[in-house]
Amino acid sequence: MRSTRIVAIVRDRTGTHLRAACDTLLDAGVSVLEVTTNTPGAARVVADLVAAGATEVGMGTVRTVDHVRMAADAGASFIVTPTVSLPVGAAAAAAGLRWYPGAATPTEIETAWTAGATAVKVFPAGVLGGVRFIREVRAPLDDVPLIPTGGVRVDEIADYLAAGALAVGMGSPLLGDAVASGDLPGLRARAKAALAAVRAVAG
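Note that the structure is a prediction, hence the values are computed from the model and not measured.

Points about the environment of Phe78
Summarising the element assignment, Phe78 is placed in strand 4 (residues 78-81). You can call Phe78 buried: its relative accessible area is 0%. Among all residues touching Phe78, those that are not within four sequence positions of it are Val32, Leu33, Glu34, Glu56, Val57, Gly58, Met59, Leu97, Arg98 and Tyr100.

Regarding the side chain of Thr39
By secondary structure assignment, the location of Thr39 is in the loop between strand 2 (32-36) and helix 2 (42-51). With near-sequence residues (within four places) excluded, Thr39 lies in contact with Val10, Arg11, Asp12, Gly15 and Leu18.

Description of the pattern of salt bridges
One pass over the structure, following the stated rule, counts 6 salt bridges. Notably, a salt bridge pairs Asp66 with Arg69, separated by 2.4 Å at the nearest N-O pair. Taken together, the residues span about one helical turn, with Asp66 and Arg69 both in helix 3 (residues 65-74) at a distance of 3 residues. Asp155 is paired through a salt bridge with Arg153; the nearest N and O atoms lie 3.0 Å apart. Assessed through its relative accessible area of 56%, Asp155 is described here as exposed. Of the residues examined, Arg153 reaches a relative accessible area of 42% and is grouped as partly exposed.

Notes on helix 3
If you check which residues of helix 3 are buried, you get Val68, Ala71 and Ala74. All buried residues of helix 3 lie within an arc of 130° about the axis, which places them on one face of the element. Helix 3 presents Asp66 and Asp73 as exposed residues on the side facing more than 90 degrees away from its buried surface. Looking at the buried residues of helix 3, the elements they touch are helix 2, strand 3 (57-60), strand 4 and helix 4 (86-95). Downstream of helix 3 by a residue or two, Gly75 has a phi angle that is positive, lying close to 90°.

A closer look at the pairing of strand 2
Among the 5 residues that make up strand 2, 5 are buried, leaving the element largely enclosed by the rest of the structure. Burial of strand 2 is two-sided: the residues Val32, Glu34 and Thr36 facing one way and the residues Leu33 and Val35 facing the other way are all buried. Of the pairings in the sheet, the one linking strand 1 (residues 6-10) to strand 2 comprises 4 bridges and is parallel in character. Within the sheet, the bridge partner assigned to Ala8 lies in strand 2 and is Leu33. A crossover connection joins strand 1 to the parallel strand 2 through helix 1 (residues 18-28); in handedness this β-α-β unit is right-handed.

Reading guide: rules and limits
- Residues numbered from 1 in each chain as written.
- Predicted model: local features only at pLDDT ≥ 70, side-chain atom pairs only at ≥ 80, totals over all residues.
- Heavy atoms only, no water.
- Helix = DSSP H or I, 4+ residues; strand = E, 2+ residues; numbered from the N terminus.
- Buried < 20%, exposed > 50% of the residue type's maximum accessible area, 1.4 Å probe, protein only.
- Contact = heavy atoms within 4.5 Å.
- Salt bridge = Lys/Arg side-chain N within 4 Å of Asp/Glu carboxyl O.
- Arc of directions from axis to C-beta.
- Pairing = 2+ DSSP bridges.
- Right-handed = clockwise from strand over helix to strand, strands pointing away.

Have a look at this one:
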């Protein structure tokens, strides 16, 4: 994550082209994938990707201890939660999984961090104030790695990273409807643009 700086959030109500979309992202160079539990076939695809050698594949929208078990059984390396669920975080630690909880306030961010979060997902970042919110929160909480997620566009990546974000989480602005429609060329083009934005910040 510290090198790619992008977490691709793969979510769809059909899951029709789920594996193909994941393969396209990996081939394009986006190596950190979050496949959400409410995407049909998520656990199977995570297990298949891990078996094929992908090392940074996790499960998102993890809301229960049962979800944690599902992620661990699939071989995921991390989980992402929409909220600061302490029982879920404890279950992740027991299973040896990295935990990225979602937080929307400085208090939630601090709570998640002191509870053992690997990094904190600031969600929904766009609604909360975007880049300015990250910059302001980083002033007092500069030791907490933040991953703004929710409405992050390709043209905002550089600004978020410059504001101190560890990485950005990208769902529909990156994925589009690729999982449902199979528009893999469009997905590849957006992934390449996103990675180019990261490289621009890295110099």
